[in-house]
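# Structural description and commentary
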Amino acid sequence: MQHILFLRAINVSGSRVIKMQDLRTMLEAIPGTSNVKTYIQSGNVILDAKETDTGKLAAKIEKHLAKTLGHDMEAFIRTTEELQAIADNNPYPAKDNHTLYITFLRTAPDKASVKALLDKTTPVDQFTVIGREVYAFVDKTAPKSIFTNMMLEKHFKQQGTGRNLNTVHKMLKLAGK
């Protein structure tokens, strides 16, 4: 089964640097994985895996990377079908000077946390939560955006990793969708 893997906080500001060829080799060494492809230097991976449970697969990858790299590496996995649905469910129309970010969480946040985030919506930062994903539609011309991935992690008290919609579409294209 084909999966899309997003690694959190690699090759950012010179920390947790991993060459993509090395990452592909590390992932191909995990029993049951194959056809590993990467996109740009920020931990975007397409791979086939015999494991169909994305939570179990993420744990397996995290354990292998921690052993190989010597530090923790957070993995967020969606099937290509799930990622296609995430892209299709985008609640915001394209708009000049705006960027859509999607933050992938491990678990769906509780209703009270979602409501508290939605209460922070402004014309600059608009938020929608669908399942385990947070859509942030940000006016890039405004100087007072509150959006960061770290802000969402603190708000929901869990780790996540974000990608812009262009990267999501590129991953789907590379996956043959």
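Since the model is a prediction, treat every value here as computed from it, not as a measurement.

## Details of the confidence of the model for the protein
For the protein, the average pLDDT comes to 93, and 97% of its residues sit at 70 or higher. Ranking the helices and strands of the protein by mean pLDDT puts helix 4 (residues 111–118) first, with 98, and helix 1 (residues 20–28) last, with 93.

## Observations concerning the layout of surface pockets
Volume-wise, the second largest pocket comes out at about 170 Å³. Together, N90, Y92, P93, A94, K95, H98, T99, L100, F137, N164, L165 and N166 line the second largest pocket. At the level of secondary structure, the elements contributing two or more residues to the lining of the second largest pocket comprise strand 5 (98–105) and helix 6 (165–174). Of all the elements, strand 5 adds the most residues to the lining of the second largest pocket, at 3 residues. A breakdown of the residues in the lining of the second largest pocket according to their chemical character gives 6 nonpolar, 5 polar and 1 charged.

## Considerations on helix 6
Residues of helix 6 that are buried: L165, T167, V168, M171 and L172. Down the axis of helix 6, the buried set is contained in an arc of 160°. They therefore lie on one face. Residues of helix 6 that are exposed and angled more than 90 degrees away from the buried face: N166 and K173. Elements in contact with the buried residues of helix 6: strand 1 (2–7), strand 2 (33–39), strand 3 (44–49), helix 3 (80–88), strand 5 and strand 8 (160–164). Between the side-chain oxygen at the start of helix 6 and the backbone nitrogen of N166 there is a gap of 3.0 Å, and the oxygen is on N164. The first or second residue beyond helix 6 is G176, which carries a positive phi of 85°.

## Considering the sheet that holds strand 6 (residues 125–130)
One open sheet accounts for 4 strands, arranged 6-7-5-8; its pairing is antiparallel. One side of each edge strand has no neighbouring strand; the edge strands of this open sheet are strand 6 and strand 8. Taking the axes of each pair of neighbouring strands and ignoring which way they run, one obtains an average angle of 20° across the sheet. Of the strand pairs in this sheet, strand 5 and strand 8 are connected by 5 bridges, and their pairing is antiparallel. Note on strand 8: the bridge partner recorded for L105 is G160. Seen against the sheet, helix 4 touches strand 6 and strand 7 (133–139) and runs at an angle of roughly 160° to strand 6. Where helix 6 meets the sheet, its contacts fall on strand 5 and strand 8, and the angle it forms with strand 8 comes to roughly 85°.

## Examining the environment of Y101
Inspection of the secondary structure assignment puts Y101 in strand 5. Those residues within four positions of Y101 in sequence are excluded, and the remaining contacts are V134, Y135, A136, V138, K140, F147, R163 and N164. Looking at Y101, its side chain comes within polar contact range of the side chain of K140, at 3.2 Å.

## Some thoughts on helix 2 (residues 54–69)
The terminal C-alpha atoms of helix 2 lie 22 Å apart, and with 16 residues this matches the ideal 22 Å at 1.5 Å per residue to within 8%. Along helix 2, the residues classified as buried are T54, L57, A58, I61, E62 and L65. Each buried residue of helix 2 lies within a common arc of 135° when the element is viewed along its axis, so the set occupies one face. Residues of helix 2 that are exposed and point over 90 degrees away from its buried face: K56, K63 and K67. The elements touched by buried residues of helix 2 are strand 1, helix 1, strand 3, strand 4 (75–79) and helix 3.

Conventions we followed
Residues numbered from 1 in each chain as written. Predicted model: local features only at pLDDT ≥ 70, side-chain atom pairs only at ≥ 80, totals over all residues. Heavy atoms only, no water. pLDDT = per-residue confidence, 0-100. Helix = DSSP H or I, 4+ residues; strand = E, 2+ residues; numbered from the N terminus. 1 Å grid on protein atoms, 1.4 Å probe; cavity = no way out; pocket = protein on both sides within 12 Å on 5 of 7 lines; lining within 4 Å. Points joined across faces, edges and corners; volume = space filled by probe spheres on them. Nonpolar A, V, L, I, M, F, W, Y, C, P; charged D, E, K, R; others polar. Buried < 20%, exposed > 50% of the residue type's maximum accessible area, 1.4 Å probe, protein only. Arc of directions from axis to C-beta. Contact = heavy atoms within 4.5 Å. Polar contact = N/O pair within 3.5 Å; in protein donor to acceptor, adjacent residues only side chain to side chain. Pairing = 2+ DSSP bridges. Axes fitted to C-alpha atoms, helices over the stretch in contact; angles between N-to-C directions. Expected span 1.5 Å × (residues − 1).

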